[in-house]
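One letter stands for each residue in the lines below.
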Amino acid sequence: MNRAEARTEQRVVHAVCSHDCPDSCGVLVTVETATGADGGKNERAVKIAGDPAHPITQGFLCGKVAKYLDRVYSPDRLLYPMRRKNGTAKGTARGADGFERISWDEALDEIAERLKTIATQWGPESILPYSYAGTIGKLGFGSMDRRFFHRLGASQLARTICSEAGGVALKSVYGAKLGTAPEDFAHAGLVIAWGANIHGNNIHLWPFIEDARRMGARLVVIDPYRTRTAAVADEHLAIRPGTDGMLALAMMHVILAENLEDREYMSACTAGGEELRTHALQAEHAPERAAEITGIDAETIRRLAREYAQAGRDGSRPAAIRLNYGTQRSENGGTAVRAVCMLPLITGAWKYVGGGLQLSTSGAFPWNSDALEMPDLMKASPLKRHARVVNMSRLGHALTELGDDPNDGPTVKALFVYNSNPAAVAPNQNAVLRGMAREDLFTVVHEQFFTDTAEYADIVLPSTTFLETKDVQGAYGHFYVQMSNQAIAPLGEARNNTWVFRELAKRMGFTEACFADTDDQMIDQALGGTSNTGGHAWFAGITRQRLEREGHVAMALPRDARGQMLPFSDASWFGTASGRGELTPVPVFVPPVESRGGAAAVDGRFPLEFLPRKADNYMNSTFANLPGHQKMEVAKAGMLEMHPADAAARQIANGDAVEIFNARGAVRMEALVDGAVPQGVVAARLGWNRLGGVEASSNVANGAARNVNALTSERVTDMGGGATFYSVLVEVRRAGVVA
Ligand code: SF4
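Residues numbered from 1 in each chain as written. Predicted model: local features only at pLDDT ≥ 70, side-chain atom pairs only at ≥ 80, totals over all residues. Heavy atoms only, no water.

A word on the site of the ligand. The immediate surroundings of the ligand are formed by C17, C21, D23, S24, C25, L61, C62, V65, I203, H204 and M619. Partitioned by chemical class, the residues of the shell around the ligand number 8 nonpolar, 2 polar and 1 charged. (Near = heavy atom within 4 Å. Nonpolar A, V, L, I, M, F, W, Y, C, P; charged D, E, K, R; others polar.)

Following this line, the structure appears as structure tokens:
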């Protein structure tokens with residue numbers, strides 16, 4: 001090569017972090033293109049940084065994604081389609097050990113043929129797509145894939161696993177998934193982080209909270225676990241799991257008994273206030289009674305309720321609640337979220353800049369999802385009707401029992417997994433793995449890595465990262481819509497979701513014009529139409545071309561005469577049937593069956609409440625396979641955190657190998673006797689099932705690896721059919737000790 005003629009150029013591309021996180025960061029990717037003397041080009045992303053122009057990202061990324069190039073260029077990336085070799089049992093091998101490379105044509109032809117055969121023999125509903133928020137880009141999350149499965153007549157998937165209970169609950173009270181803008185938290189005088197580990201998974205809210213604290217605000221964390229956020233708060237209230245609804249009711253009890261409510265606001269903006277008053281003032285919601293249930297003493301509840309209600313009055317700074325989804329991953333999580341969400345309706349905190357509540361802001365992005373997903377295509381399927389719905393939170397049941405009852409419809413015979421790793425993240429793991437191991441189940445997995453789920457695949461397809469594809473994205477923690485431009489070419493033969501389903505549609509013989517739509521056309525459709533005339537008013541003036549130019553644009557949400565955007569500050573914001581904040585039906589606290597106050601605790605076999613937590617440095621199971629991320633997590637990976645009294649009662653010392661078990665399964669870990677959990681609660685972190693090195697939680701039995709989800713249940717939440725990861729009873733013993 002003539003070195004004098006070789007040259008290197010850099011360009012910066014605006015992208016968006018597509019991982020399942022409220023922050024939806026604006027990302028700047030520096031791409032270096034080296035051109036050789038022969039004209040050949042070599043392109044590589046060399047730097048990733050937070051966009052300094054993005055009002056929430058403010059130029060920094062979390063520790064997980066700051067190392068993102070390790071993920072993109074990992075030597076473990078899946079780069080080619082692969083087929084499971086004859087003789088490789090499902091769930092026993094990954095990569096070249098059990099799979100052989102094939103071409104995309106072979107892979108797609110085989111998938112199409114198998115799906116056609118299965119649909120003909122068993123009916124199209126015997127095919128189950130399984131996806132979630134591995135990417136939250138609008139196209140990657142749900143677009144051509146939905147069209148494909150709708151046209152096929154495949155079972156519909158109820159995507160409930162993470163946030164459905166909370167979302168349904170929030171909408172039942174407000175009629176909209178909106179909340180306090182993150183920037184406005186800087187004006188709060190009291191911030192309550194309720195089940196919200198802001199440091200762990202909402203880090204871009206933190207600077208605004210720090211601003212508020214510099215002005216004298218107090219930060220109170222309500223969480224059973226001493227998170228990184230709790231450790232730096234002014235006050236940490238270690239509530240017992242599943243009792244948040246009772247705490248909220250006790251706060252209402254104090255506020256209403258002491259006439260601290262905002263009657264003017266309640267009368268203008270709420271419905272059902274008198275019914276709620278009567279309910280909350282019952283003796284069972286008095287702080288003394290709540291203290292017995294929540295583990296938080298009565299005086300603390302009184303003090304918090306008064307401080308909460310008085311914030312914002314007489315010119316003081318208001319109270320803002322950052323409620324997060326951990327609260328709703330409990331059997332009665334929907335009711336708990338409803339109760340917490342009613343607090344600012346009683347105090348009128350929504351009226352003030354810096355007051356209110358944020359659970360999700362996703363309702364600020366009124367995408368044209370029907371245009372994107374085309375549910376009416378189901379009527380063009382062989383079914384000629386909408387297909388049955390299968391709840392993803394009960395995947396174990398779906399793969400092992402669905403179809404046993406003739407009313408169920410067919411047994412699941414094909415599983416198509418993308419944007420998810422259910423072998424690691426779905427509850428009741430032993431049932432899930434038993435189902436996935438079925439030799440009569442045809443499984444396709446579209447992935448970036450050889451995950452736990454890919455081990456069970458018949459065909460594995462390589463997927464792009466967000467640097468390698470284009471997408472449009474909203475957020476559930478702020479109000480900016482963004483364009484994620486493609487920064488680099490796909491690595492190896494990786495392909496994005498839309499390409500895969502477009503190609504499969506051709507092979508299935510689907511002739512509808514929508515299967516030829518390009519990604520840009522679908523972005524236009526999501527925004528409401530190419531001319532934007534058919535779009536929602538909040539997308540006014542926001543076009544693909546503008547987003548390509550500007551990177552991010554603020555949604556055109558209503559503002560008051562002062563120019564303030566204050567959700568629920570007046571009645572015009574509510575999307576409920578009454579046009580008011582709904583305080584009925586009143587929230588009734590019921591202890592989870594699997595909790596110390598529930599029916600499953602009565603026989604005493606499993607007396608400890610188990611929190612299978614998300615790791616601080618992973619995103620569910622994403623990142624758990626990367627050495628750099630594992631190093632950040634090393635102090636807690638594979639550890640069972642215990643209260644000293646619970647450990648002593650079982651003759652367990654720090655560092656002992658322990659077995660955690662219940663009727664559903666067992667895993668082994670190392671005891672970490674620390675102050676992170678209250679008595680009666682144990683906690684461990686989610687990771688991949690089969691990892692070596694630092695991930696001591698690897699648990700292999702009969703060839704199949706397991707993690708904390710071997711213990712979790714398929715019981716679903718009271719609202720929305722969500723997963724109940726935080727309603728789990730277990731017992732713990734030193735490993736090797738016979739019960
Ligand atoms: S995971 Fe969240 S905080 Fe981290 S870069 Fe992505 S959006 Fe930002």
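Moving on, we get to helix α6 (residues 164-174). Turning to α6, its buried residues are A165, G166, G167, A169, L170, V173 and Y174. For α6, the elements touching its buried residues are α15 (333-347) and β21 (581-582). Remark: G175 follows α6 within two positions and exhibits a positive phi of approximately 75°. (Buried < 20%, exposed > 50% of the residue type's maximum accessible area, 1.4 Å probe, protein only. Helix = DSSP H or I, 4+ residues; strand = E, 2+ residues; numbered from the N terminus. Contact = heavy atoms within 4.5 Å.)

Right, let's get into the confidence of the model for the protein. For the protein, per-residue confidence averages 95 on the pLDDT scale, and residues scoring 70 or more make up 96% of the total. Segment residues 692-697 is flagged for pLDDT under 50; beyond a separation of four residues in sequence, or across chains, it makes 14 contacts in the model. (pLDDT = per-residue confidence, 0-100.)

Residues F148, W194, M252, Y308, F416 and V481 are the most contacted members of the largest nonpolar core, which totals 156 residues. Broken down by element, this core gets its largest block of residues, 10 residues, from helix α10 (residues 244-257). In this structure, A15, C25, V29 and L61 belong to the second largest nonpolar core, which totals 29 residues. (Core = buried A, V, L, I, M, F, W, Y, C linked by side-chain atoms within 4.5 Å.)

Next up on the list: the sheet that holds strand β3 (residues 41-50). Two pairing modes exist for strands in a sheet, parallel and antiparallel, and in both the strands are linked by backbone hydrogen bonds. Taken together, 3 strands build an open sheet; the order of strands is β1-β2-β3 and the sheet is antiparallel. Edge positions in the open sheet fall to β1 (7-16) and β3, since each of these has one partner strand only. With direction set aside, neighbouring strand axes in the sheet form an average angle of 25°. (Pairing = 2+ DSSP bridges. Axes fitted to C-alpha atoms, helices over the stretch in contact; angles between N-to-C directions.)

Let us look at the side chain of R329. On the secondary structure map, R329 appears in the loop between β12 (319-323) and α15. Although R329 is buried, it forms no salt bridge, and the closest oppositely charged side chain is D20 at an N-O distance of 6.9 Å. Those residues in contact with R329 that lie beyond four places of it in its chain are C162, K614, A723, T724, F725, Y726 and S727. (Lys, Arg positive; Asp, Glu negative; His and termini not counted. Salt bridge = Lys/Arg side-chain N within 4 Å of Asp/Glu carboxyl O.)

With that settled, consider the pairing of strand β24 (residues 657-661). The element β24 is largely enclosed, with a buried count of 4 among its 5 residues. Pairing analysis gives 5 bridges linking β24 to strand β25 (residues 666-673), with the strands arranged antiparallel. In the sheet register, I660 faces β25, and the bridge partner there is V667. In this structure, the hairpin formed by β24 and β25 is closed by a connection of 4 residues. Pairing of β24 with strand β29 (residues 729-734) involves 4 bridges; the strand directions are antiparallel.

Here a ring pair, both rings aromatic, is described through the centre-centre distance and the interplanar angle of the planes. Counted according to the given criterion, the structure contains 25 aromatic pairs. Geometrically, the ring pair formed by F149 and F501 is edge-to-face, given 5.4 Å between the ring centres and 65° between the ring planes. Taken together, the residues F149 in helix α5 (residues 144-152) and F501 in helix α20 (residues 497-508) connect sequence positions 352 residues apart. Residue F149 shares its accessibility class with F501, and that shared class is buried. Ring centres 5.9 Å apart and planes at 10° place the aromatic pair Y174 and F574 in the stacked group. Here Y174 is found in helix α6, whereas its partner F574 is found in the loop between β20 (552-554) and β21, with 400 residues between them in sequence. (Phe/Tyr/Trp six-rings, centres within 6.5 Å; stacked < 30°, edge-to-face > 60°.)

It is worth spelling out the sheet that holds strand β17 (residues 459-462) at this point. With respect to topology, 6 strands assemble into an open sheet ordered β5-β4-β17-β16-β15-β6, the strand pairing being mixed. Either end of the sheet is taken by a strand with one partner, and the two such strands are β5 (99-101) and β6 (127-131). The average undirected angle you get between the axes of adjacent strands in this sheet is 20°. With 5 bridges joining them, β6 and strand β15 (residues 414-418) adopt parallel strand pairing. By the bridge assignment for β15, S131 is matched with Y418. Strands in contact with α20 are β15, β16 (442-447) and β17; relative to β15, the strand with the most contacts, it is inclined by about 150°.

Each regular strand displays side chains that alternate between the two surfaces of the sheet. A large share of β29 lies buried, amounting to 5 of its 6 residues. As judged from the 2 bridges shared by strand β22 (residues 608-613) and β29, these two strands associate in the antiparallel manner. If you follow E609 over to β29, its bridge partner there is L729.

Before going further, it helps to examine the environment of I118. Position of I118 relative to the elements: it lies in helix α3 (residues 104-122). Distance from I118 to E210, taken between C-alpha atoms, is 56 Å for residues 92 residues apart in sequence. Look past the residues within four positions of I118 in its chain and what remains in contact with it is G123, S126, I127, K413, A414 and F442.

Running from N to C, α10 and helix α13 (residues 287-294) cross one another at 165°; their axes reach a closest spacing of 9 Å. In this view, α10 runs roughly antiparallel relative to α13, as classed from their interaxial angle. The chirality of how α10 crosses α13 is left-handed. Where α10 approaches α13, its residues M246, L247, A250, H253 and V254 are matched on the opposing element by P287, A290, I293 and T294. (Parallel < 35°, antiparallel > 145°, perpendicular 65-115°, else oblique. Left-handed = near helix turned anticlockwise from the far one by under 90°.)

Bringing the environment of Y130 into the picture now. Within the secondary structure, Y130 sits in strand β6. Sequence separation between Y130 and L527 is 397 residues; the distance between their C-alpha atoms is 25 Å. In this structure, Y130 is in contact with L157, I161, M392, L395, L415, F416, V417, Y418, S420, P422 and A426, ignoring residues within four places of it in sequence.

Attention shifts here to α10. Between its first and last C-alpha, α10 extends 20 Å over 14 residues, near the 20 Å set by a 1.5 Å rise per residue. Counting buried positions along α10 yields 13 of 14 residues, so the element is predominantly enclosed. Just past α10, the residue N259 takes up positive phi, approximately 55°. (Expected span 1.5 Å × (residues − 1).)

Another aspect to go through is the side chain of E235. Within the element layout of this structure, E235 appears in strand β10 (residues 235-237). Among the residues examined, E235 registers a relative accessible area of 14% and is labelled buried. Here R218 takes part through its side chain, which lies 2.8 Å from a polar atom of the side chain of E235. One polar contact links E235 to R303, side chain to side chain, over a distance of 2.6 Å. Setting aside chain neighbours within four positions, we find E235 in contact with R218, L219, V220, V221, T300 and R303. (Polar contact = N/O pair within 3.5 Å; in protein donor to acceptor, adjacent residues only side chain to side chain.)

With respect to the helices and strands, the residue K116 is situated in helix α3. Under the relative-accessibility criterion, K116 is labelled partly exposed at 31%. With 36 residues separating them along the chain, K116 and L152 place their C-alpha atoms 9.1 Å apart. Among the polar contacts made by the side chain of K116, one reaches the main-chain carbonyl oxygen of R507 at a distance of 3.0 Å.

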